[in-house]
Amino acid sequence: MKLHILVLSTLLTAFAAGQTALRPALEQTYHAWREAIVQKDAASWQRVTASHRRIEVQNLISAQKLPFPEALFKLPALPPALKSLTFLEATEKGPTATAAYFGKIDFGVGGTPTQNLLVLAFVSENGKWLYDRADFVNLQALPEVRRELAAGNLKYLKETPEAQPSGKIPLPPLEAPPAKYIAKVYVFSPGREVKVQVNQFSHHRFANAKEAEIVIGGALDGRNEVQYAISKLPGGNNSEALTIRVYLLSQVKGVKPLKAFEYQVLENQPPRAFATGSFYLDAAMAAKLMGQAP
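Throughout what follows, the structure given in this document is the object of discussion.

Analysis parameters
Residues numbered from 1 in each chain as written. Predicted model: local features only at pLDDT ≥ 70, side-chain atom pairs only at ≥ 80, totals over all residues. Heavy atoms only, no water. Pairing = 2+ DSSP bridges. Helix = DSSP H or I, 4+ residues; strand = E, 2+ residues; numbered from the N terminus. Axes fitted to C-alpha atoms, helices over the stretch in contact; angles between N-to-C directions. Polar contact = N/O pair within 3.5 Å; in protein donor to acceptor, adjacent residues only side chain to side chain. Phe/Tyr/Trp six-rings, centres within 6.5 Å; stacked < 30°, edge-to-face > 60°. Buried < 20%, exposed > 50% of the residue type's maximum accessible area, 1.4 Å probe, protein only.

Read from one edge of the open sheet, four strands run β8-β5-β10-β11, paired in antiparallel fashion. Looking at which strands have only one partner, the edges of the open sheet turn out to be β8 (210-214) and β11 (258-265). On average, adjacent strands in this sheet sit at an angle of 15° to one another, irrespective of strand direction. Pairing of strand β10 (residues 242-249) with β11 involves seven bridges; the strand directions are antiparallel. Residue pairing for β11: threonine 243 is matched across the bridge by glutamine 264.

Here it is in structure tokens:
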């Protein structure tokens with residue numbers, strides 16, 4: 001019995017030491033990343049941001065025909081500071097880690113912040129923790145979770161996979177060329193998961209969604225390929241209507257988006273599980289996008 005108590009005590013001591021060392025390392029990285037955003041310091045941002053995230057952000061900016069890195073700093077809200085938040089836990093798994101905070105998370109957009117959850121994610125590269133992303137969880141619709149976290153109960157964090165480190169660093173995406181034409185993929189998919197790939201660079205996943213995402217690499221002159229895979233989600237009945245579209249967007253004021261591709265399934269009609277389609281961006285469509293067509 002004494003041996004078991006000694007082993008347990010040793011494990012708890014090691015865990016506490018790991019928490020003590022991990023938290024300041026992660027917070028130092030986040031503070032450096034936040035300062036780079038606030039000061040519009042592109043070089044510092046490059047140094048403290050995970051490789052796959054840097055490429056992803058650059059691809060997203062260039063897909064909207066915005067200048068990089070200038071557009072990086074034109075955020076609708078500032079990254080929140082941590083000083084007024086309650087630290088909950090720091091967790092490490094392989095080359096990934098998360099740090100969770102609870103409190104009045106202030107994005108600097110006005111109004112009165114309420115008590116919510118912020119989970120920061122990091123990856124380790126060359127022995128250094130680098131910033132990956134932040135997940136903000138609005139707890140307005142989860143009052144019981146809010147009460148639990150305020151009392152120091154971390155059950156919600158333990159039971160939410162997105163709040164825990166995955167143990168795997170995402171593979172860096174391919175660096176996409178700047179878009180010539182801005183495009184968005186739109187999906188309406190109640191009860192279903194839809195995966196869409198547009199050309200070589202743009203990969204999308206929608207689950208029980210009604211939303212649109214920017215097409216990485218944009219649309220191309222000529223033929224553009226659209227692949228999609230559709231599967232039922234738990235709770236879905238596989239009879240819901242479904243829509244997949246690709247729109248082309250103009251930068252000319254007053255020119256409406258052009259619907260370049262569409263796949264629709266009516267209620268009670270079975271969708272294709274997987275298919276490849278395409279759309280052709282010709283000179284007439286390009287002229288419309290430029291506001292040159294009648």
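On to the environment of asparagine 237. In this structure, asparagine 237 sits in the loop between β9 (222-232) and β10. Sequence separation between asparagine 237 and methionine 290 is 53 residues, and the spatial gap between their C-alpha atoms is 43 Å. At a separation of 2.6 Å, a polar atom in the side chain of asparagine 237 contacts the side chain of serine 239.

Under the counting rule described, the total for this entry stands at nine aromatic pairs. Residues tyrosine 228 and tyrosine 263 carry aromatic rings whose centres are separated by 4.8 Å and whose planes lie at 25° to one another, so their mutual orientation is stacked. Linking tyrosine 228 in strand β9 with tyrosine 263 in strand β11, this pair joins segments that are 35 residues apart in sequence. Note on accessibility: tyrosine 228 and tyrosine 263 belong to one class, buried.

On the basis of which strands lie adjacent, the open sheet formed by four strands has the order β1-β2-β3-β4 and antiparallel pairing. Taken across any chain shown, the strands that pair with only one partner, and hence form the sheet edges, are β1 (86-93) and β4 (128-137). On average, each strand axis in the sheet is inclined to that of its neighbour by 20°, with strand direction left out of account. With seven bridges connecting them, β1 and strand β2 (residues 96-104) associate as antiparallel partners. Among the inter-strand pairings, phenylalanine 87 is bridged to a residue of β2, identified as tyrosine 101.

With that out of the way, let us pick up unusual backbone geometry. Of note, the amide linkage connecting phenylalanine 68 to proline 69 takes the cis form, showing an omega dihedral of 10°. Positionally, proline 69 belongs in the loop between α3 (51-63) and β1. In this structure, lysine 40 is a non-glycine residue whose phi angle is positive, near 55°. Note on placement: lysine 40 falls in the loop between α1 (2-39) and α2 (42-48). Residue lysine 40 is classed as exposed on the basis of its relative accessible area, which comes to 54%. Even without being glycine, asparagine 199 reaches a positive phi, approximately 55°. Position of asparagine 199 among the secondary structure elements: in the loop between β6 (192-198) and β7 (202-207). Accessibility expressed as a relative area gives 16% for asparagine 199, which makes it buried.

By themselves, these figures tell us nothing about what the structure is for.
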